[in-house]
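These are the residues of each chain, in order.
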Amino acid sequence: MVDLTTHWLGLELSSPLVVGASPIADDVAGLAAYVEAGAGAVVLRSVFEEQIVAEQLAAHQFLDNFVDMDAEARSFLPDSSVYSLGAEPALARLERVRAAVAVPVIASLNGVTPGGWTDVARQMEASGADAIELNLYDVVTDLDETSASVEDRQVAVVASVVAAVAIPVSVKLSPFYTALPAFVARLEQVGARGVVLFNRFYQPGIDLDTLDVERHLTLSTSTELPLRLHALALLHGRVGLSLAATGGVHHGHDAAKAILCGADAVQTVSALLASGPKGPDRLAQIHAELRGWLDEQGYLNLQEACGATALHNVADPHGWERLNYTKLLQGWTPRPGQG
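About the thresholds
- Residues numbered from 1 in each chain as written.
- Predicted model: local features only at pLDDT ≥ 70, side-chain atom pairs only at ≥ 80, totals over all residues.
- Heavy atoms only, no water.
- pLDDT = per-residue confidence, 0-100.
- Contact = heavy atoms within 4.5 Å.
- Core = buried A, V, L, I, M, F, W, Y, C linked by side-chain atoms within 4.5 Å.
- Buried < 20%, exposed > 50% of the residue type's maximum accessible area, 1.4 Å probe, protein only.
- Helix = DSSP H or I, 4+ residues; strand = E, 2+ residues; numbered from the N terminus.
- Salt bridge = Lys/Arg side-chain N within 4 Å of Asp/Glu carboxyl O.

A. Here's a closer look at the confidence of the model for the protein. Per-residue confidence for the protein gives a mean pLDDT of 86; residues scoring 70 or more make up 83%. Here residues 56-85 is modelled with pLDDT under 50, and outside its nearest four sequence neighbours on either side it reaches 19 contacts, counting other chains as well.

Here you go:
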C-alpha cells in the first residue's frame, strides 16, 4: 500500500490532505473526526489585520478618554495588557485545538500592510502553532498604486512575520500576479517556507431591485482546480518552497492531480462544508480515492508521484505553454447542438 507521508513546511504529515482555513476548526471536539478520517494537518480560521488594529485603537481610545482627567487619573486605570485586543479568542482556540489533535496545527493571519499587528504571529507561536499561514488578500483600488508597489508592500509584510517567529511561514496567494514565479522567488528570499495556491477572492453581485451589493459565499467546484494545477506545475522544481493547493479539491483524483503537478499538501474546505455533519466521511472518501489511484498506478510513496507532470521536466516551459494554448484554440470544434 502506498505511503502517504509527506513533508510540508518542514513538518511531517501522515497524509497530504489538510483541512483548510474555515469555520470547521471552530468545532474543536469535531476536529478529531477529521484527523481520524485522514487529515494530515489543520489550518485555523484567519485572524484579520483590520480586526486586530480596530480593537487596539478602540482600547487605546477608551483609555485616552480618562488619562490626565486629574492628577491621579492614571493610578485608577488598570494596565492595558488586561484588555482583549483582538487576537485573544483566536489564541485561546488555537491552544484548545493544539491540545485536542495530534497533527500539525497551522495558525492563519490575514493582512496586507506592515505594522504592529504582525506581532500576533509571535503570540500564535507561543500558543502552540506549528506554522503560520499568511493570507495576502489585497484588492487594489488606488489608481496611482502600481503592481510593483503592491508586491513590495506584500514582501515587506512577509518579511516582518518571518522575522517575528521561528516556526515556518507559508504565504497564501491570489492568482493575480503578472509574474508569479518571480514573486514567489522573492518570498523565498525573505524567508517564507511555502506558498498556498490560490486564495479565492470575494466576488459580490448586484441586487437590481435594491441596487445594493449581494454578498454570498459560493463554494468552490472541481472546475477551479486547473488554475492551481498550472501554477503548481510552473513552480515545482524551480523554487525551494513547499507547495500546497487549495480551491477545487473535491475528489481523490483532484488531490492526485495536484500532487502530480507538485503539491506537497492539498487543502480542502468546500467539499467538507458542503457535506455538513458528514464532512469527516467526505474527507475519508477523498483519502481513500487518492490512495486507491496511487496504488493502481504502482506508486510506493507520495514522493514518487509529486511533480511527475511539472514543467521543470520540459526544456522550454514558455514555448510549451504557448504551443498548448495554440493547440487548444485551433483544435476546438462545437459539440452537437452547439451553434
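B. Fine view of the nonpolar core. In this structure, Leu109, Met124, Leu134, Leu173, Leu187, Val195 and Leu294 are the most contacted members of the largest nonpolar core, which totals 85 residues. Take this core: its biggest share by element is 7 residues, from helix H8 (residues 225-235). Beyond its immediate chain neighbours, meaning those up to four positions away, Leu294 contacts Val2, Leu4, Tyr299, Leu302 and Ala305. Among the nonpolar cores identified, the runner-up in size contains 12 residues, and Trp8, Leu11, Ile106 and Ala265 belong to it.

C. View of the pattern of salt bridges. One pass over the full model with this rule turns up 8 salt bridges. Residues Asp130 and Arg98 are paired through a salt bridge, measuring 2.3 Å at the closest nitrogen-oxygen approach. One end of the pair, Asp130, is in the loop between helix H5 (120-126) and strand E7 (131-135); the other, Arg98, is in helix H4 (residues 88-100), with 32 residues separating them in the sequence. Given a relative accessible area of 23%, Arg98 falls into the partly exposed group. For the salt bridge of Asp152 with Arg186, the shortest nitrogen-to-oxygen distance reads 3.0 Å. Of the two residues, Asp152 is situated in helix H6 (residues 147-164) and Arg186 in helix H7 (residues 180-189); the sequence distance between them amounts to 34 residues. Overlapping salt bridges bring together Asp26, Arg45 and Arg93 as one network.

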